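# Tertiary structure, described
Here are the chains, one letter per residue:
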Amino acid sequence: MTLSIAIIGSGPAGFYAANALLKCRDDIQVDIIERLPTPYGLIRGGVAPDHQTTKKVAKKFEKTALTERVAFFGHVEIGTDITLNELRDVYDAVILAVGAPADRKLTIPGADKKGVHGSAAFVGWYNGHPDFQDLEPDLNIETAVVIGNGNVALDIARLLSRSDIGRSKTDLPDYARHAMDASPVKDIYLFGRRGPTDAKFTNVELREMLDLTESISMVDPDVLPDAVPDEMEDRAKRLAEKNLETMRAFANRDPKDFKKRVHFEFYASPVEILGDEKVTGIRMERTQVIDGIASGTGKYFDVACGLVVAAIGYRADPIDGLPYDETRGIIPNDRGRIDHGLYAVGWIKRGPSGVISSSRPDGVEVVEHIAADFAGTDESAKPGRAGLSEMLDQRGVRPVSFEDWKDLEEAELARAAHPAPRQKFTDVDDMMDHLENHGS
Ligand code: NAP
């Protein structure tokens, strides 16, 4: 029998799941449904534009997409073009791989002022994500503040402090590259509410700060402990030790030799955004960390700035008809299983953590669930791909195929100005117009 599986979301988790399914048995047909006309989710819209090597994993996903048993249905939105329940009626199994696209919100007074952005919006903007192409953050500022001590905060600080030449080698859309190149920003503050050994930066990313030619990373040496606390678990300890060593290396250079400064500030938590309509500063409270938890000390200080980006993590969007775990920002599941025939992989399953390949084991786990759930099924009665195509056709929805995407990609590559690797389409209407007028 042939099992029909729909995967909603074409980011890394979706593709890893597709791969695992194809490997596990020959009688499986996999359809990947994506809201945007473009595939790859976080690879395209989250991974930093200056991390092109990381984006190369898309080539592996392309191989999967081009497999005969796989079809891509781009520009099809669940909840608008078709409901989740309709999809479950049509397919034997549905896998949610829609990630955690929403920001964990900064909930301090003034957080709604102009010039304050969440990292989903800011990163989406500089990555040319259609939802955020119109953000137009004001970068005509001298000081920027980034809240959070994770890799997303580092990405933002690094892109703002890179040289124009460095940025020219990225796939930043023109509008974002021009805004960053023209920005007079001199100081970028990265605030962590806990200490240097609690920071979630991975070491390769932190060390990259030492390679930047026009900016210096700075940290007060007095805040760096001599050693990592003994009670830390081994893996975290090794990471913290490497990070400490990297931060010590920050001090070996002279700030006078650099145009821009990235200040790593620890033990400081945001309490208020200052300014009238637009942000003019941020009030921070000194913290102390007891048993790994940061708490305020009642001592405050202000930093004048014209931009605040909160990079404090992400959460999944709730899905109609399914329970939602407010605390973790995920759809509750048992190791990826939500119900018979309904599964979750990636960030919607386990929250926004890890690197791209961390979603790979989720695919393997889902295959095990599907094998168990469908062990006694001899003949599938569900129409799968034919059923979806028929419904979309009846509703006048024209899905974007993988071949269409390759047409879009060819145009993106062709119009990039050397040394940029590509100039992305950032607007869905432009993509659809291109396919209408130049598609194969
Ligand atoms: P993250 O690693 O979870 O970091 C979030 C940061 O925000 C933490 O420092 C956290 O502090 C802080 N934070 C949370 N709530 C806060 C609050 N209310 N006030 C002040 N600070 C607050 O999340 P992320 O940076 O968004 O990254 C998401 C995932 O993507 C991570 O697994 C990351 O490694 C991955 N990623 C990887 C790469 C790469 O490999 N190059 C690039 C980008 C992202 P506490 O620790 O105190 O909670």
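Anything mentioned here points back to the structure above.
The structure reproduced in this document is the subject of the present report. Here the structure is a predicted model, which means the values were calculated and not measured.

Next up on the list: unusual backbone geometry. Geometrically, the link from His418 to Pro419 is a cis peptide bond, its omega value of 10° lying close to zero. Its location among the elements puts Pro419 in the loop between α15 (402-414) and α16 (428-438). Its identity as a non-glycine residue notwithstanding, His75 has a phi of 65°, on the positive side. Summarising the element assignment, His75 is placed in the loop between β3 (70-73) and α5 (84-90). Despite not being glycine, Glu136 shows a phi value in the positive range, around 45°. Assignment of secondary structure puts Glu136 in the loop between α6 (119-126) and β7 (143-147).

Relative to the elements of secondary structure, Ser359 occurs in the loop between α12 (347-350) and α13 (360-373). At 2.8 Å, the side chain of Ser359 forms a polar contact with the side chain of Arg350.

We now examine the pairing of strand β4 (residues 93-96). The side chains of a regular strand alternate, residue by residue, between the two faces of the sheet. Burial along β4 is two-sided: the residues Ala93 and Ile95 and Val94 and Leu96 are all buried. Bridge count between strand β1 (residues 3-8) and β4: four bridges; the pairing is parallel. Within β4, the position partnered with Ala6 by the bridge is Val94.

With that out of the way, let us pick up the site of the ligand. Neighbouring the ligand are 20 residues, the closest being Asn149, Arg193, Arg194, Glu205 and Gly354. Measuring from an oxygen atom of the ligand, one finds a side-chain N or O atom of Arg193 at 2.8 Å. Between the ligand and Lys200 there is a distance of 3.4 Å, counted from an oxygen atom to a side-chain nitrogen or oxygen. If the ligand stood free it would expose 920 Å²; the protein chains cover 81% of that surface.

Take the packing of aromatic side chains next. Taken as a whole and assessed by the stated rule, the structure comprises 13 aromatic pairs. Judged by centre distance (5.2 Å) and plane angle (90°), the ring pair of Tyr16 and Phe61 falls under edge-to-face. Pair noted here: Tyr16 is in helix α1 (residues 12-24) and Phe61 is in helix α4 (residues 57-65), with a separation of 45 residues, a long-range link. The same class applies to Tyr16 as to Phe61, namely buried. Consider the rings of Phe201 and Phe264, whose centres lie 5.7 Å apart with planes at 85°: the pair is edge-to-face. Taken as a pair, Phe201 in the loop between β8 (187-191) and α10 (203-208) and Phe264 in strand β10 (residues 260-265) lie far apart in primary sequence, 63 residues in all. Under the relative-accessibility criterion, Phe264 is labelled buried at 2%. What links up through ring pairs into an aromatic cluster is the set Phe15, Tyr16, Tyr40, Phe61 and Trp405.

Moving on to the pairing of strand β9 (residues 215-219). In terms of residue burial, β9 counts as a mostly covered element, since four of its five residues are buried. The parallel pair β9 and β10 is bridged by helix α11 (residues 234-250), and the resulting crossover is left-handed.

Glancing now at the packing of α6 against helix α7 (residues 151-161). Where α6 meets α7, the axes come as close as 11 Å, and the angle between the chain directions of the two elements is 45°. Classified by the angle their axes make, α6 and α7 are oblique. Along this stretch, α6 crosses α7, giving a crossing that reads as left-handed. Counting all contacts with α6, which are made through Ser119, Phe122, Val123 and Tyr126, the residues of α7 involved are Val152, Asp155, Ile156, Leu159 and Leu160. For the contact of α6 with α7, the residue count by class is seven nonpolar, one polar and one charged.

With that settled, the discussion passes to the sheet that holds strand β12 (residues 279-290). Reading across from one edge, β11-β12-β13 is the order of the three strands in this open sheet, with antiparallel pairing throughout. Two strands bound the open sheet, and with one partner strand each, they are β11 (268-275) and β13 (293-304). Neighbouring strand axes in the sheet, compared pairwise and without regard to direction, differ in orientation by 20° on average. As judged from the nine bridges shared by β12 and β13, these two strands associate in the antiparallel manner. Bridge pairing in β13 links Ile290 to Ile293.

Turning to the nonpolar core, a few remarks are in order. Counting residues in each nonpolar core, the largest one holds 69 residues, and the members touching the most others are Leu87, Phe122, Tyr126, Ile156, Leu160 and Phe264. Residue contributions to this core peak at six residues, all from α7. Setting aside its immediate chain neighbours within four residues, Phe264 contacts Leu154, Leu190, Phe201, Leu206, Met209, Ser217, Met218, Val219 and Phe250. If you look at the next biggest cluster of nonpolar residues, it comprises 44 residues, including Ala13, Leu36, Phe374 and Val428.

Here we take up the sheet that holds strand β16 (residues 337-339). Read across the open sheet, the six strands follow the order β3-β2-β1-β4-β17-β16; overall the sheet is mixed. Edge positions in the open sheet fall to β3 and β16, since each of these has one partner strand only. Across the sheet, the axes of successive neighbouring strands diverge by a mean angle of 20°, strand direction being ignored. The sheet contact formed by strand β2 (residues 28-33) and β3 spans four bridges and is parallel.

About the criteria used
- Residues numbered from 1 in each chain as written.
- Predicted model: local features only at pLDDT ≥ 70, side-chain atom pairs only at ≥ 80, totals over all residues.
- Heavy atoms only, no water.
- Helix = DSSP H or I, 4+ residues; strand = E, 2+ residues; numbered from the N terminus.
- Polar contact = N/O pair within 3.5 Å; in protein donor to acceptor, adjacent residues only side chain to side chain.
- Buried < 20%, exposed > 50% of the residue type's maximum accessible area, 1.4 Å probe, protein only.
- Pairing = 2+ DSSP bridges.
- Near = heavy atom within 4 Å.
- Areas by Shrake-Rupley, 256 points an atom, 1.4 Å probe, with all protein chains shown as cover.
- Phe/Tyr/Trp six-rings, centres within 6.5 Å; stacked < 30°, edge-to-face > 60°.
- Right-handed = clockwise from strand over helix to strand, strands pointing away.
- Axes fitted to C-alpha atoms, helices over the stretch in contact; angles between N-to-C directions.
- Parallel < 35°, antiparallel > 145°, perpendicular 65-115°, else oblique.
- Left-handed = near helix turned anticlockwise from the far one by under 90°.
- Contact = heavy atoms within 4.5 Å.
- Nonpolar A, V, L, I, M, F, W, Y, C, P; charged D, E, K, R; others polar.
- Core = buried A, V, L, I, M, F, W, Y, C linked by side-chain atoms within 4.5 Å.

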